[in-house]
Amino acid sequence: MILLKSLEALHHMLIGKEISSVELTRTYLNHITVADPSVKAFLSVTADTALAQAADADRKIANGEKLGPLEGIPMAMKDNMCTSGIATTCGSKILKNFVPPYDATVTERLQAAGAVLAGKVNMDEFAMGSSTENSGYHPTANPWDLERVPGGSSGGSAACVAAREVPFALGSDTGGSIRQPAAFCGVVGLKPTYGLVSRYGLVAFASSLDQIGPLTTSVRDNAMVLNAIAGHDPKDSTSVPYATPDYTQFLENNVKGLKIGVPDEYFAAGLDPRVADVIKRAIKTFEDLGAIVESCSLPHTEYAMPAYYIIAPAECSSNLARYDGVRYGYRAETEDMITMFKRTREEGFGQEVKRRIMLGTYALSSGYYDAYYLKAQKVRTLIKQDFDNAFNQYDILLSPTTPTTAYTMGEKSDPLAMYMGDVYTIPVNLAGLPGISIPAGFIDGLPVGMQLISKHFGEGTLYRAAYTFEQNTTYHQEIPALVKEVC
Amino acid sequence: MSFLDKYEMVCGVETHVEMATKTKIFCGCSTEFGGEQNTHVCPVCLGLPGVLPVLNKEVVNLAIKAGLALNCDIAEFSKFDRKNYFYPDLTKNYQTSQYDLPICKNGWLDVMVNGTMKRIGITRAHMEEDAGKLVHSGDTITTSNSSGVDYNRTGVPLLEIVSEPDMRSIDDVLAYLEELVQIMDYAGISDCKLEQGSVRFDINVSLRLKGTETFGTRTETKNLNSFSSVRRCLEYETERQADALDEGLEIIQETRTWDEGRGMTLSLRSKEEAHDYRYFPEPDLMPLVIDRDWVERIRATMPELPTAKRERLQALGLSAYDAGVITASKDMAFFFDQAMATCDDAKLLANWVMGDLSALLKTNGRTFADSPVSPAQLASLVMLIKKGDISGKIAKSVIEEIYSTGKDPETIVKEKGLAQISDAGELEKIIDGILAANEKSVADYKAGKEAALGFFVGQVMKATKGQANPGMVNKLLKEKLAQ
C-alpha cells in the first residue's frame, strides 16, 4: 500500500516510473479528504499548488533529469512557517487573513528539494500548548484514538504523519512541541540542535528556544528530511556556520560500545509506571545490542520547568507585541489607537497566549527582572552545565519523552497540569541540544515515545541509536486503525 | 538681576545621529532620505511575522569610528537588547537597541567656550534602529481623521551619544553640540543634515542654587533638531524652572516636548507615567565581539578631526578665529586644504575663502562641496595677487568671471588684459603726462595741500583702467612731486 511506503521507496517508484508524482499527490490528497474530517490535522489543503508542483517533478522525470530524494513527494508544514502566497495563521485568529509575501528558509529549501506542499497543518496558537486543543480554529485528534489529543504544539504535524495523510511534515519545538506529539502519535520527531535549521520565516514564539524539525514514520525518512532543511542561513544570525553531513550516513544498525546515560531525575514522581516499564524494556534492548547503559544525574532538572516558564513567556510577550492590528491580520474597529491595540489583542488572541503574554510582561517588568528573568537565565546556564558534564561521560542520554501517553481531550483543564507533559523535553531546549522521540512501545493501544538526547550537533549519533533500536523492534510498524481500514 | 545670578544650570544631552550607511541596520533596504512613502521597506524592517534581523557590519564600523573620535573605550563585548513599547511607527513594537552593554563608553570632548577649554564627559554611545513616521491627514494627531505610517525610516541606523551632565551654561551646551556635530561630520559618521532630522537632541536640564553640590530635579525635552531650538528651549526651560523654584514649587521629573511655534516646552509624560521598557537581551542577534585588530583597522582610517585641523591651520599662520571659521564647515576646510596645496599664503587664501568666495557661493545658493571655482583656481588667483600681477580690486572681478565661465584666472587676466602695470618706465610716462596737464594741482601739492596726491592717483588709475600697481603709483608720484 502506497501510503505506508518510506520516502526512499516512494523515490524509487517515481524514478522507476511506477507512479507519477501527480498520481502520488492525488493519492495523498484523496486520503486527506477521507481521513482528515476525523483527524482534523489540516488548516488548509493546497491541492492546486501541490498538483502544479507534482507536475513539475513529472516533467523532470519525463526529461530524464536527476530527481532529488524528496522531489515530487507530498508533505505538510506547521502553520507557523511562512509560505509565500499561502495563508500562515499560526493557529491564531489574529493572523486569520495573513498571507506572507515571502517564504521561510525551510519553505525555500523544501521547494528547492522539489517536495510538494499538500497543506498547512494545525497547531496550538502561536505554538503555545501541549495538546493542539489551543488552536484558534479547532482541535486536532490523535489518529490512534480520536477521543484523545495528538499532543502539541505540532499536533497537526504529528497527527497528519501518523494518519499517513502525508509521508512527512515539519514541526517546531520550543519546549517539546515536536517530540511530545511524536510520542503521543507514535512517529519519529527530531528537535535539531539550536542553530542547525534556520528560523527565518518561522513565526517566533520564544526565539532562543524555537527550532524547526522533521516528523516522519521512520528514522531514515527523518534523516532524509533533515538533509534538506539543515544548514547555515545568512538571514538568521543564530544559524550556525556548520558544514552539515549527509545524515543518512549515520544509519548504521550498531550500538556496540555506545555509552548511554539514563538520568535518574527523569524517572521521578509524575511518571506513569507503565511508561517507565516500556522505557526500561527499551533500555534492555539497547543493552542486549551491546550499548553500555548507566544511570546518571542531571541535578538541576527540577528547575528547568520554572525557568522555562519565565524565559519562554518573556520572549513571547515581546515577539507577539507586533500583532496590534496596525499593518496586517485581525483589527478591531474602534475610535482611537490605544483602544484599537487593546481590543485587537483582546479579541484576536486565545486564553493560553494571553496568559503567557501576561506572565512574560510581568517577569520582564522593572523591579522584577532580576528576580525572575535574570534568575531563570542563571538556571539555564546550570542546566547546560549538567548536560555538558553528562556528555563528558555519555554519547547519548535516554529518557521517556513524556510522563504519560496521550490523554483525552478536555482532560487537562489546569494549565499547570498540561505544562508537566513537557517536563522531560524542556531541559533539552534550554540547553539548545538535539533530541529525538521514537516509538518505544504501546500501552492500551496508545504509543509510548522514547527520547534520546545528544550533545550539540550530535544528530548523527541520535540517528544511529534510534535507527538501531528501530531495526531491532517492530513498534514503528504499528499503524492506527483508521489507516488500516483504508489500506 | 537675572535668575542665573542665583541658580546654576546643570545640563546633559542625548544626541541621536543617523549614521551614513547605504543600507539599514538589520536589512538591505536603502536609507536614502525622501523616497516615496513605504518604498524603502522589506519584510524584515516591516517586522512581519517570522523575520529576523541581521546586523549591518558597516554600522559597527561607524560606531567604532565615532567612539574613537569621542575618546571612548570600545567594548570588546557588547550586545543588543529589546526596548519594548507600543506605537504604530514601531513595526515590532520593540526597538532593537543597546542597554547595559553599549559599544562605546567613558569618552570626552574638549570644547572651547568663550575662549576657555572645557572638557565634557561622554557617558556612552550605542547603536539602535530608528522608527517610522506617522503621517497625519490633518495638521496634528489630535485634529486628524486618520493617520498613515511611512516606514521608510524604520531601521535606519542611529548612534545615541549620551553626555555627562557637565554643562553649566547655554554657551557650554551649544559649544558641545556644535563640536559634536562637526566631529560626526568630519569622521563621516553622519551627513549631519539637521534640517532633515539626521541629528536630534534630547536636553536634560535642572537648576540648583549657586554653590550647592546636589543636582536639582531635571526635565527632559525631546527631539530638538536645530541649535537655535536648543538655545530657545534652554532659555525657556531654565526660566520656567527658576520661576517655579522661586515660588517654592517642586520641579516634576518629566519628559517635555518643545513647541517651536509657541516657543515653549510642554509636559509629555511624568515619571509616574514613564514607560517600563522591559529591556532584555535580543535573542535574535548574537553578542557583538570586537577584537582589537578590528578597532585598530578603523583607527587607521580616522580622518583629521576639527581640533587637529584648527591647530594645524593656526600653525600655518591663521588666527584662532579664522581657523575656527574655516573648520566650522567640513566642506570649507576641505576646500581650503586643497587650495593650500598650490598656494603659499595661508592668510591671504583664508581671506578669499571666508570672504569673496563664501559670499559668491551663498548668493548663488551653493556650497564649497560643489563650488564652480576650484581650489586650484582660487589658489592661482591668490598667487596672482601676491605676485602683484593683479590688484585685489581686479581680483574681485576675476573671481566672478571664474565662477561664471569656469576659466582659469590666468586666462581671464590675459584675455581681458587685466594684468597690473608694474613697469616703472611705463608708469612714469603716464604720471609725467598727468602732472604736466595739471600744473595747478601740482602747485597746490607743493604748497602743502597733500590731499592733491589722491587726485593724481585717481587720474593714473583712470588712465590705466585700474591696472596700475597702486603701491608703485604712490611711490613714483611722491618721487616726482618732490623733485
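Residues numbered from 1 in each chain as written. Chains lettered and ligands numbered in written order. Predicted model: local features only at pLDDT ≥ 70, side-chain atom pairs only at ≥ 80, totals over all residues. Heavy atoms only, no water.

1. A closer look at the overall build of chain A
So, point 1. Looking only at helices and strands, one finds 16 helices and eleven strands in chain A.
So, point 2. In terms of overall size, chain A behaves like a compact globule, its C-alpha atoms giving a radius of gyration of 21 Å where 487 residues would be expected to give roughly 23 Å.
So, point 3. Considered along the principal axes of its C-alpha atoms, chain A spans approximately 65 × 55 × 45 Å.
So, point 4. In chain A, which comprises 487 residues, the share counted as buried stands at 63%.
So, point 5. Working note: accessible area of chain A is about 16,700 Å², and carbon and sulfur atoms make up 52% of it. (Helix = DSSP H or I, 4+ residues; strand = E, 2+ residues; numbered from the N terminus. Rg over C-alpha atoms; globule rule 2.2 N^0.38 Å. Buried < 20%, exposed > 50% of the residue type's maximum accessible area, 1.4 Å probe, protein only. Areas by Shrake-Rupley, 256 points an atom, 1.4 Å probe, with all protein chains shown as cover.)

2. Let's talk about helix α7 (residues 219-229) of chain A
Three or four residues apart is the spacing at which side chains of an α-helix point the same way, because the helix has 3.6 residues per turn.
Residue and element names in this part refer to chain A.
So, point 1. Counting buried positions along α7 yields nine of eleven residues, so the element is predominantly enclosed.
So, point 2. Listed as buried for α7 are Val-219, Asp-221, Asn-222, Ala-223, Met-224, Val-225, Leu-226, Ala-228 and Ile-229.
So, point 3. Structurally, the start of α7 carries an N-cap: the backbone nitrogen of Asp-221 is 3.1 Å from a side-chain oxygen of Ser-218. (Polar contact = N/O pair within 3.5 Å; in protein donor to acceptor, adjacent residues only side chain to side chain.)

3. Digging into the pattern of salt bridges
So, point 1. Enumeration according to the criterion identifies 54 salt bridges over all chains in this entry.
So, point 2. A salt bridge links Glu-76 of chain B to Arg-292 of chain B; its shortest N-O distance comes to 3.9 Å. Residue Glu-76 of chain B is found in the loop between β2 (73-74) and β3 (77-78), and its partner Arg-292 of chain B is found in helix α4 (residues 292-299); the two are separated by 216 residues along the sequence.
So, point 3. Shared partners join several salt bridges into a network, and the residues in it are Arg-199 and Asp-236 of chain A together with Arg-82, Glu-282 and Asp-284 of chain B. (Salt bridge = Lys/Arg side-chain N within 4 Å of Asp/Glu carboxyl O.)

4. Thoughts on the nonpolar core
So, point 1. Counting 140 residues, the largest nonpolar core has Leu-110, Phe-126, Phe-286, Phe-387, Met-450 and Leu-452 of chain A as the members making the most contacts within it.
So, point 2. Residue contributions to this core peak at ten residues, all from helix α9 (residues 304-319) of chain A.
So, point 3. Excluding its chain neighbours within four sequence positions, the residues that come into contact with Leu-452 of chain A are Phe-286, Ile-396, Leu-397, Leu-398, Pro-434, Gly-435, Ile-436, Ile-438, Leu-462, Ala-465 and Ala-466 of chain A.
So, point 4. Grouped together as the second largest cluster of nonpolar side chains are 103 residues, Phe-3, Met-19, Leu-288 and Val-382 of chain B included. (Core = buried A, V, L, I, M, F, W, Y, C linked by side-chain atoms within 4.5 Å. Contact = heavy atoms within 4.5 Å.)

5. A word on the interface of chain A and chain B
So, point 1. Each partner contributes residues to the interface: chain A has 40 residues there, and chain B has 31 residues.
So, point 2. Surface buried jointly by chain A and chain B totals about 2,700 Å² across both partners, of which 60% is contributed by carbon and sulfur atoms.
So, point 3. Counting across the interface, chain A meets chain B through one salt bridge.
So, point 4. Seen at the junction of chain A and chain B, the total is 16 residue pairs in polar contact (both at pLDDT 80 or more).
So, point 5. At the level of secondary structure, the elements contributing two or more residues to the side of chain A that touches chain B comprise α9, α10 (337-348) and α11 (351-364) of chain A.
So, point 6. By residue class, the composition of the side of chain A that touches chain B is 21 nonpolar, eleven polar and eight charged. (Buried area = accessible area lost by both parts, 1.4 Å probe. Nonpolar A, V, L, I, M, F, W, Y, C, P; charged D, E, K, R; others polar.)

6. Concerning the packing of helix α2 (residues 170-186) of chain B against helix α5 (residues 306-315) of chain B
Residues and elements named next belong to chain B.
So, point 1. At a closest axis distance of 9 Å, the pairing of α2 and α5 adopts a crossing angle of 90°. Classified by the interaxial angle, the pair formed by α2 and α5 is roughly perpendicular. Where α2 abuts α5, its residues Glu-179, Gln-182, Ile-183 and Tyr-186 lie against Pro-306, Thr-307, Lys-309 and Arg-310.
So, point 2. By residue class, the composition of the contact of α2 with α5 is three nonpolar, two polar and three charged. (Axes fitted to C-alpha atoms, helices over the stretch in contact; angles between N-to-C directions. Parallel < 35°, antiparallel > 145°, perpendicular 65-115°, else oblique.)

7. A short note on the sheet that holds β2 of chain B
Residues and elements named next belong to chain B.
So, point 1. Spatially, β2-β6-β7-β10-β1-β11-β12-β13-β14 is the arrangement adopted by the nine strands of the open sheet, whose pairing is mixed. Looking along the sheet, the strands with just one partner apiece sit at the ends: β2 and β14 (264-270).
So, point 2. Along the sheet, α2 contacts β1 (7-18), β6 (104-113), β7 (116-129), β10 (157-163) and β11 (199-209); its crossing angle with β6, the most-contacted strand, is approximately 115°. (Pairing = 2+ DSSP bridges.)

8. What to know about a negative patch on the surface
So, point 1. Taken together, the side chains of Glu-235, Glu-239, Asp-243 and Glu-247 of chain B make up a negatively charged region of the molecular surface.
So, point 2. Glu-235 of chain B sits in the partly exposed class, given a relative accessible area of 38%. (Patch = residues over 30% accessible without salt bridge, like charges linked within 9 Å, V, L, I, M, F, W, Y side chains within 5 Å. Lys, Arg positive; Asp, Glu negative; His and termini not counted. Charge placed at Lys NZ, Arg CZ, Asp CG, Glu CD.)

9. Focus: the confidence of the model for chain B
So, point 1. Per-residue confidence for chain B gives a mean pLDDT of 92; residues scoring 70 or more make up 100%.
So, point 2. If you check the scores for this complex, the pTM reads 0.91 and the ipTM reads 0.95. (pLDDT = per-residue confidence, 0-100.)

10. Overview of the sheet that holds strand β4 (residues 81-84) of chain B
All names here are of chain B.
So, point 1. Spatially, three strands are ordered β5-β4-β15 in an open sheet, and the strand pairing comes out antiparallel. The open sheet has two edge strands, β5 (94-97) and β15 (280-281), and neither has a second partner.
So, point 2. As defined by bridge partners, β4 adjoins β5 across four bridges and the pair is classed as antiparallel. Looking at β5, one finds that Asn-84 is bridged to Tyr-94.

11. A short note on the environment of Gly-115 of chain B
So, point 1. Structurally, Gly-115 of chain B is set in the loop between β6 and β7.
So, point 2. With a relative accessible area of 62%, Gly-115 of chain B lands in the exposed category.

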